[in-house]
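Residue strings, one per chain:
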Amino acid sequence: MLGVLTGFIEELREAGVPVSMVEVIDSMRAVEAIEIDNRNSLRETLRATLVKNLRHERAFDTAFDVYFSLVPTVASEPTELPEGGDGPHEQPDHQGSGEFDLDGLLQGLFQALADLDPDALRSLARAAVDQLAGMEPGRPVGGTYYLYRTLRRLELQAMQERLLAELIGDDELSEFDRRLIREDVEARIEQLREEIQDEIRRRLVADRGREAVARTLRRPLVEDVDLMHATTSDLADMEAAIGPLTRKLAARLARRRKKRTGRLDFRRTVRRSLATGGVPVDPQFRHPRPHRPEVWLVCDISGSMATFSRFTLQFTHAMATQFSKLRSFAFVDTVDEVTDFFGPGVDFGSALKRVTTEAEVVWKDGHSDYGNSFETFFSRYGSQLSPRTTVIITGDARNNYRPPRGKIIGEIAQSARAVVWLNPEPMAYWDTGDSAMSHYSPHCTSVHEVRTLRQLEEFVEGLTLPAGIPALKG
Amino acid sequence: MEFESPQVVADALRSVGYLPNDRIAQVVFLAARLDKPILVEGPAGVGKTELAKSLARVTHRDLIRLQCYEGLDESKALYEWNYKKQLLRIQADADHDWEDIEHDIFSEEFLLARPLLEAIRAEEPVILLIDEVDRVEVETEALLLEILSDFQVSIPELGTIEASSQPIVILTSNNTRELSEALKRRCLFLHIDYPDPTREQEILTARVPGLSEHLASQIAKVARSIRNLDLKKAPSVSETIDWARTLLVLSVEDVDETILGDTLHVLLKYQTDIEKTAKELVSGVTD
Ligand SMILES: Nc1ncnc2c1ncn2[C@@H]1O[C@H](COP(=O)(O)OP(=O)(O)O)[C@@H](O)[C@H]1O
Ligand SMILES: [Mg+2]
């Protein structure tokens, strides 16, 4: 056990999950206190001692499934893999002909899903992998290949529809009731998918060993993916992580300044002091007013920023659900307000579509022109800036050698609470080639390299803005 | 503090009306076994605070609660001298020796024990709940960490007070900011998410007397459906409980889109969320 555990912890570290020595020791003590022949109990024990950040759970679960795939899910279950001789799985039957009864399997799965019978589901999932995945020992293909092969033959879409029909029965149901049933069916199908994936992983591990499998499954943590080069599936994972982050940002921006209490309330203090013979022992304070932060997001959505701007628009979308006073702007060589595209209740897909098709962000040639965009921005919207407005600009400042007009940022900063710039390029590239970053940075309240979600988070965590009083602005 | 197994923890919690999942039972079991604090994280209203309260009931221990807020400091978390009382004593004893007075006014009589000190001084072991710890500033977090490490407090005028019993400590966080690594390292981490429909149905049945299984199951499924939408604030367990009560009062036996539409404001707090949900679920827009 100890050997597997240290290997597992090593894998967590390789995957980027920070695990300290204290936590390693805790996990070992904890494992001694539990029954280790129960996979779920082991999983939760290791999770609680080793993973202290929700975002690392996916990496944890992947590694756990690999390292402990042979621990039974329930204590009664046999731990060894099915060995040869109990079926035709040694010569996988790719065509589905022969003695293997696919229809029987499908019927069994259907019944298990309809009856919500987890044990039957698990053993049938195993049979399915056995018969359909065509796993070949030593073949260096990943689990997704086998998963795909198995699922294709199971025709889950048809299975889902059949289940839906079964659960709805002959009743005339409203769309509302159908929706609830449909979601229920989807959850059940998802469970089947997980069982199958689990089984495939188990077999891969038995075949190739834990380390090799873990290595092929390793992904960068969502917070370390480079935003300029994220894949679609990365972006989907990020979307899930952005929500909590924007909530943090909301809390940060609304946070009062360091001072713990408001101004002394002289009158109430004196009144109180009457009880103590005129000695003011209990000074009274006015409650400070909470901020109602206003945020304006100004995003470069030019071609050079394609992936990043998708991300910033995701961020914008998430922000729009948090801040009632959020306004958003997009620019390429000129700027347009896109706030309404992110109006209440709009999902991200349609907002994105409207930004890319309806926003008027091209005036000349569709090559980035920060100078013109900022000038237009200030002349159109500048008068609506207030000392409560925080302006967040996102972009790489690659200006195609056009006039940068950095002073405009200074003027925007004069009218706002703060101007913050988030640049997705490595800081070392700033001001190389056509990047005009240094024309803007001196006028911003702060500038940040934000190439990853981690850096975005660090930005949010570290955010302290000047109070919303113009007199205090530097 | 010992429980025999996670199963025993689960049964005990259930017996006082708290429905844990496997994860919760496992982590509580470990915390008791290893004497480690639990850091419970998750959205508002998923039973973080309630877990600590229920645990106090299960173990027949007192619950001492430190509610965190922005600006919470040592004098409200740990202890404070009763300045008012000290001053009055000084006035009353104006003719005494200053040394006597000083000795006198810095004695336990003038000490106001706040939750942390209270937990340390408790004769019998307690459950210490440090609620919503993400609201305090980082400096205050450091203070908490220190206390959790040694379970003792040194008061310059009085000396060191050591814990006479080991409390079970539960910290909760709504995750509005990242807590320090040092604090996290010290704790077992427990993320609680919205319950799945099966558990939510059980929670509803336990918390709302008179609710039928059928209605509880429907409510749980509607809750899941709404939580799948992209909302500013998803309905929490407290809100589904409120909704269940509302439906009972209205003598509803079966939820349909009209009833949902009329009562959405019980589940959702923001107008935009209400509108979005109404659009998605009530007017039956298909995808
Ligand atoms: N697992 C559970 N079992 C029983 N009741 C629960 C459970 N989870 C939540 N609740 C109910 O939800 C309410 C809100 O929970 P609370 O602990 O205040 O949320 P949090 O502290 O996470 O914001 C509780 O009063 C309780 O009635
Ligand atoms: Mg709470």
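Residues numbered from 1 in each chain as written. Chains lettered and ligands numbered in written order. Predicted model: local features only at pLDDT ≥ 70, side-chain atom pairs only at ≥ 80, totals over all residues. Heavy atoms only, no water.

Some points on the overall build of chain A
Inference 1: Per the secondary structure count, chain A includes 18 helices and 6 strands.
Inference 2: Within the span of chain A, comprising 474 residues, buried residues form 51% of the whole.
Inference 3: A sequence separation of at least 24 residues applies to 75% of the contacts in chain A between residues at least 6 apart.
Inference 4: Just so you have it, chain A exposes about 22,200 Å², and 51% of that area is on carbon and sulfur atoms. (Helix = DSSP H or I, 4+ residues; strand = E, 2+ residues; numbered from the N terminus. Buried < 20%, exposed > 50% of the residue type's maximum accessible area, 1.4 Å probe, protein only. Contact = heavy atoms within 4.5 Å. Areas by Shrake-Rupley, 256 points an atom, 1.4 Å probe, with all protein chains shown as cover.)

Quick word on the domain arrangement of chain B
Residues and elements named next belong to chain B.
Inference 1: Looking at chain B, the domain boundaries give domain 1 (6–69 + 122–191) and domain 2 (197–278).
Inference 2: In this assembly, 11 residues from domain 1 lie in contact with 8 residues from domain 2.
Inference 3: Among the residues domain 1 hides against domain 2, the three largest losses belong to G17, L19 and G45. Together they make up 58% of the total.
Inference 4: The interface formed by domain 1 and domain 2 includes 1 salt bridge.
Inference 5: On the surface where domain 1 and domain 2 come into contact, there are 4 residue pairs in polar contact (both at pLDDT 80 or more). (Domains from an automatic or database assignment. Buried area = accessible area lost by both parts, 1.4 Å probe. Salt bridge = Lys/Arg side-chain N within 4 Å of Asp/Glu carboxyl O. Polar contact = N/O pair within 3.5 Å; in protein donor to acceptor, adjacent residues only side chain to side chain.)

What about the interface of chain A and chain B?
Inference 1: Residue-level contacts link 49 residues of chain A with 53 residues of chain B.
Inference 2: Summed over both sides, the interface between chain A and chain B buries roughly 4,600 Å², with carbon and sulfur atoms accounting for 52% of that surface.
Inference 3: Between the two partners, chain A and chain B, sit 5 salt bridges.
Inference 4: Put simply, E280 of chain B and R179 of chain A hold a salt bridge, and the shortest N to O gap is 3.5 Å.
Inference 5: Linking chain A with chain B are 14 residue pairs in polar contact (both at pLDDT 80 or more).
Inference 6: Of all the secondary structure elements, the ones that give two or more residues to the side of chain A that touches chain B are α2 (21–32), α3 (39–50), α9 (175–208), α11 (232–254), α13 (306–322) and α18 (453–462) of chain A.
Inference 7: Considering every element that reaches the side of chain A that touches chain B, the biggest residue donor is α9 of chain A, with 9 residues.
Inference 8: Taken together, the residues of the side of chain A that touches chain B sort by class into 14 nonpolar, 13 polar and 22 charged. (Nonpolar A, V, L, I, M, F, W, Y, C, P; charged D, E, K, R; others polar.)

Points about the domain arrangement of chain A
Inference 1: Here chain A is described as being made up of domain 1 (2–68), domain 2 (102–208) and domain 3 (243–472).
Inference 2: Averaged C-alpha coordinates put domain 1 of chain A and domain 2 of chain A at centres separated by 28 Å.

Brief notes about the nonpolar core
Inference 1: One finds F8, L46, F68, L154 and I196 of chain A to be the most contacted residues of the largest nonpolar core, which totals 88 residues.
Inference 2: Per-element tally for this core: the top contributor is helix α2 (residues 22–34) of chain B, with 9 residues. (Core = buried A, V, L, I, M, F, W, Y, C linked by side-chain atoms within 4.5 Å.)

Some points on the confidence of the model for chain A
Residues and elements named next belong to chain A.
Inference 1: Of the residues in chain A, 83% reach a pLDDT of 70 or more, and the chain-wide mean stands at 82.
Inference 2: Contacts from residues 257–261, a stretch scored under 50 in pLDDT, to residues over four places away or in other chains number 11 contacts.
Inference 3: Counting interchain partners and residues more than four positions distant, the pLDDT-below-50 stretch residues 468–474 has 9 contacts. (pLDDT = per-residue confidence, 0-100.)

Side note on the packing of helix α4 (residues 57–67) of chain A against helix α10 (residues 210–217) of chain A
Residues and elements named next belong to chain A.
Inference 1: Where α4 meets α10, the closest approach of the two axes is 9 Å, and the angle between their N-to-C directions is 155 degrees. The angle between α4 and α10 falls in the class roughly antiparallel. As α4 packs across α10, the resulting crossing turns out to be right-handed. Across the interface between the two elements, T62, V66 and Y67 of α4 pack against R210, E211, V213, A214 and L217 of α10.
Inference 2: Its residues assigned to classes, the contact of α4 with α10 shows 5 nonpolar, 1 polar and 2 charged. (Axes fitted to C-alpha atoms, helices over the stretch in contact; angles between N-to-C directions. Parallel < 35°, antiparallel > 145°, perpendicular 65-115°, else oblique. Left-handed = near helix turned anticlockwise from the far one by under 90°.)

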